[in-house]
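Report on the structure
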Amino acid sequence: MSEQSARWRDLGTRVLSAVVLVAITLAALWSGPVAWDIFVFAVFGLMIYELARLCDPEISFARRVALGVVPLAYPMLAIAGIVLGDDRLIEDLPPGITGQGLFEGGIYGAVMGVAAPLIVGLVMLGRGRLLWLAYGALLCGAVLYLAYDYNQHGAGGILAIVGLVVVSDSAGYFAGRAFGGPKFWPAISPKKTWSGTVAGWIGCAIFGAVVLPHFGLTWLEGAVASFVVCFAAQMGDIAESAMKRRVGLKDSSSLIPGHGGVLDRLDALVAAACLAGIITLVSGG
C-alpha cells in the first residue's frame, strides 16, 4: 500500500461511524426535550466510563461501569417524578423535563446531577483524582450547556455548536491529510498538523460568520466567537490526547469503529460546549 493510500485507508470506517452517530443524534434532537436530556446524560455516562480508565488505568471494569451508570440517575429521577406526579421530584431537574430554563430555578439541581459521578469517582478511583476532577468539571460544563442550549434555542442551537466542531474536525482532517507539513504539537498529538489546525480556524470563522447572525450576532462577532470556540475545541482534542499518552493508551475505548472511544470523538465538542457555556454566562446571553 502506498503512503498516499495509507493516509486515507480509514476514511470509509470513519465516515460510516460518523453517519451512524449523526443519525442517532438527530433522532434524539427531533424526538423532543425529554429524549435529548436522556441522550445527553447517557453520552455523559459513557464519557465518565472512559475517563475513569484514563485517570486510573488499574480501576476495575465493574467500577468503571458503575461510574458510567451514575449520570443516568438524574434524568431517570425526573421521569419518575412525572410518572408519580410528585412535583418535589422534578423540582430543579433538567429543563427538558420541567419546561423551565436551566438558569430559571433549575441550576442547583442540574449541577448536583452532573457532579454526582465526580463525587462518587473520588471514592472509587485509586489515583488520578485531580485529573478526574479537572476533566470531569469540563464534562459537566459541556453537559449543562448542551441542556441549556436546547432549551433556549432548540435543535438549531445544538446543530450550530456541533456544526462548528464538525467543520473544525473535517477541515483539519482533510487539510492535514492533503497538505501535511509541520506538526502542531508532536509531543502530545503526533498526527495534528499546522495545515489542519489553520484550516480549522478558517473553516470555523466562515461558518460562524454565516450561521451565528441567525442567533443575534453580527457576522464579525460570529466569526470571532467561532474562531475562539474552534481553538478551544482543538485544545480539547490535545488535552484528551495528553491524557491517553499519560497512561499509554491509543484510544479511550473501542466503542466507535474508526474513532476509538466516545471521548476520542467528542473531546473537541466537550471543550467547545464548555467554553460556549462560560461565554453565555459571562455575556448573559
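This write-up is about the structure you can find in this document.

What counts and what doesn't
Residues numbered from 1 in each chain as written. Predicted model: local features only at pLDDT ≥ 70, side-chain atom pairs only at ≥ 80, totals over all residues. Heavy atoms only, no water. Phe/Tyr/Trp six-rings, centres within 6.5 Å; stacked < 30°, edge-to-face > 60°. Helix = DSSP H or I, 4+ residues; strand = E, 2+ residues; numbered from the N terminus. Buried < 20%, exposed > 50% of the residue type's maximum accessible area, 1.4 Å probe, protein only. Core = buried A, V, L, I, M, F, W, Y, C linked by side-chain atoms within 4.5 Å. Contact = heavy atoms within 4.5 Å. Arc of directions from axis to C-beta. Axes fitted to C-alpha atoms, helices over the stretch in contact; angles between N-to-C directions. Left-handed = near helix turned anticlockwise from the far one by under 90°. Nonpolar A, V, L, I, M, F, W, Y, C, P; charged D, E, K, R; others polar.

**Some points on the packing of aromatic side chains**
This model, assessed by the stated rule, comprises five aromatic pairs. Centre to centre, the rings of W36 and F39 are 5.5 Å apart; their planes meet at 35°, and the pair counts as tilted. Highlighted residues: W36 and F39, both in helix 3 (residues 33–55), separated by three residues, approximately one helical turn. According to the relative accessible area criterion, F39 is partly exposed, its value standing at 21%. Ring geometry for Y49 versus F61: centroids 6.2 Å apart, planes at 90°, classification edge-to-face. Of the two residues, Y49 is situated in helix 3 and F61 in helix 4 (residues 61–69); the sequence distance between them amounts to 12 residues. Look at F61 and you get exposed, because its relative accessible area is 55%. Members of the aromatic cluster, each reached through a chain of ring pairs, are W36, F39 and Y150.

**Thoughts on the nonpolar core**
Grouped together as the largest cluster of nonpolar side chains are 52 residues, with contacts concentrated most on F44, L51, W132 and L139. The set of elements that each furnish at least two residues to this core consists of helix 2 (11–29), helix 3, helix 8 (107–124), helix 9 (129–179), helix 10 (194–211), helix 11 (219–247) and helix 12 (262–283). Looking at this core element by element, the count peaks at 16 residues for helix 9. Not counting chain neighbours up to four residues away, the residues in contact with L139 comprise F44, M47, I48, L51, L263 and V270.

**Looking at helix 4**
Along helix 4, the residues that are buried comprise R64, L67 and G68. For helix 4, the arc enclosing every buried residue in end-on projection is 100°, short of the 170-degree limit, so these residues lie on one face.

**Thoughts on the packing of helix 3 against helix 4**
Relative orientation of the contacting elements helix 3 and helix 4 amounts to 145°, with a least axis distance of 7 Å. Crossing of helix 3 over helix 4 shows right-handed handedness. Between helix 3 and helix 4, the contacting residues are G45, I48, Y49, A52 and R53 on the first element and F61, R64, V65, L67 and G68 on the second. Each residue belonging to the contact of helix 3 with helix 4 can be placed in one class, and the counts come to six nonpolar, two polar and two charged.

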